[in-house]
Amino acid sequence: VKKYKETVGRNVVDNFFAAAQRHDKRLFEKNKAAQKPVGHIIGFTFSRGAIEEVARLRLKESIIIDLKKVSEIVPYGNPPKVSLSAEEVEMYKYAFEASAESEAGIDFFSWDFDHNPKKGFQPNVVFDKEGKQVHKLAPGKHHVAVKAVDKLGLEGTDTMKLKVGEQ
């Protein structure tokens, strides 16, 4: 099972092409001769290599493989666009505000006040309906992230770096 937004690469096209030839040779040759697709690959996104290989097969070998994006089949919308701002309200204490736009409407926000991009999003606050938090930070450098989840379950994230107590 592919994750949402995982890119389909050249290797998938190569494996699909080999499997299509093996599975039903007669149908493969019939579709090739009729200039019909020998099959369809469905994915969220396709790498440049996958697109180039499909084009090469069509031009050089008259083999059509149809690449279909999930969004062409199932309208799932776009992930929320999120922006994060912060204002120091007293020494070491910050008011954070997230705003997000989504066609489906925002369900909730989650906050990671000690964000480490290598470890991924690890929320300290979950199910914030307002998108506003006041949080005290120790002196030093901080990476803060906010995630907005819309009513379709799609997510958008914004991050910011802060230097607390440093000039």
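The structure under discussion appears in the preceding block.
Here goes a summary of the coordinates provided. Numbers given to residues run from 1 along each chain, matching the order in which its sequence is written. In keeping with the predicted nature of the model, local features appear solely for residues at pLDDT of at least 70, side-chain atom pairs appear and are counted solely at 80 or more, and the whole-chain, interface and lining totals rest on all residues. With hydrogens and water stripped out, all remaining heavy atoms of the structure feed into the side-chain values.

### Some thoughts on the sheet that holds strand β8 (residues 125–128)
Alright, step 1. Being paired, for any two strands, means DSSP has found at least two bridges between them. Numbered from the N terminus, helices here are DSSP runs of H or I no shorter than four residues, and strands are runs of E no shorter than two. Taken together, the four strands give an open sheet; going across it, the order is β8-β7-β10-β11, and neighbouring strands pair in antiparallel fashion. The sheet is open, and its two edges are formed by β8 and β11 (155–164), each paired on a single side. Strand-to-strand twist in this sheet, taken as the mean axis angle between neighbours without regard to direction, amounts to 20°.
Alright, step 2. Here two bridges tie strand β7 (residues 106–112) to β8, and the two strands are oriented antiparallel to one another. Axis geometry follows a simple rule: fit a line to the C-alpha atoms, using only the stretch in contact for helices, then measure angles between N-to-C directions, giving values from 0 to 180 degrees.

### Some details on the side chain of Asp 128
Alright, step 1. Assignment of secondary structure puts Asp 128 in strand β8.
Alright, step 2. Accessibility here uses a 1.4 Å probe with only protein chains present; expressed as a share of the type maximum, an area under 20% marks a residue as buried, one over 50% as exposed, and anything in between as partly exposed. Neither His nor the chain ends contribute to the count of charged residues, in which Lys and Arg are positive and Asp and Glu negative. Basic side-chain nitrogens of Lys or Arg form a salt bridge, by our definition, when they fall within 4 Å of a carboxyl oxygen of Asp or Glu. The charged side chain of Asp 128 is buried without a salt bridge, its nearest counter-charge being Lys 129 at 9.2 Å.
Alright, step 3. Contacts described as polar in this section are N or O atom pairs within 3.5 Å, which, within protein, must combine one atom able to donate a hydrogen with one able to accept it, while residues neighboring in sequence count only if both atoms come from side chains. Polar side-chain contacts of Asp 128 include one of 3.2 Å to the backbone nitrogen of Lys 132.
Alright, step 4. In what follows, a contact means two residues having at least one pair of non-hydrogen atoms within 4.5 Å. Ignoring sequence-local partners within four residues, the contact set of Asp 128 consists of Phe 108, Phe 109, Trp 111 and Gln 133.

### Quick word on the packing of aromatic side chains
Alright, step 1. Two rings belonging to Phe, Tyr or Trp (six-membered ring only in the last case) form a pair when the distance between their centres is within 6.5 Å. Interplanar angles under 30 degrees mark stacking, angles over 60 mark edge-to-face geometry, and anything in between is tilted. According to the stated counting rule, one finds six aromatic pairs in the structure shown.
Alright, step 2. A ring pair is formed by Phe 96 and Trp 111, whose centres lie 6.2 Å apart and whose planes are at 55°; its orientation type is tilted. Pair noted here: Phe 96 is in strand β6 (residues 93–101) and Trp 111 is in strand β7, with a separation of 15 residues, a long-range link.
Alright, step 3. On the basis of relative accessibility, which here comes to 1%, the residue Phe 96 falls in the buried class.
Alright, step 4. Judged by its relative accessible area of 0%, Trp 111 falls in the buried class.
Alright, step 5. Taken together, the aromatic side chains of Tyr 94, Phe 96, Trp 111 and Phe 113 make up a single cluster linked through ring pairs.

### A word on helix α3 (residues 48–61)
Alright, step 1. Taking 1.5 Å of rise per residue, the 14 residues of α3 would be expected to cover 20 Å, and the 19 Å separating its terminal C-alpha atoms lies within 8% of that figure.
Alright, step 2. Ala 50, Glu 53, Val 54 and Leu 57 are the residues of α3 that are buried. Summarising the axial view, the buried residues of α3 lie within an arc of 100°, below the 170-degree limit, and thus occupy one face. Exposed side of α3, more than 90 degrees from the buried face: Arg 48, Leu 59 and Lys 60 are the residues found there.
Alright, step 3. Buried residues in α3 make contact with β1 (7–8), α1 (10–23), β3 (45–46) and β4 (64–69). Multiplying 1.5 Å by the helix residue count minus one yields the expected span of that helix. Regarding the arc, it is the one traced by the directions from the helix axis to the C-beta atoms.

### Points about the side chain of His 115
Alright, step 1. Within the secondary structure layout, His 115 lies in the loop between β7 and β8.
Alright, step 2. Side chain to side chain, His 115 and Asp 112 meet in a polar contact 3.1 Å long.
Alright, step 3. Once residues within four sequence positions are removed from consideration, His 115 is found in contact with Gly 120, Phe 121, His 143, Val 144, Ala 145 and Thr 159.

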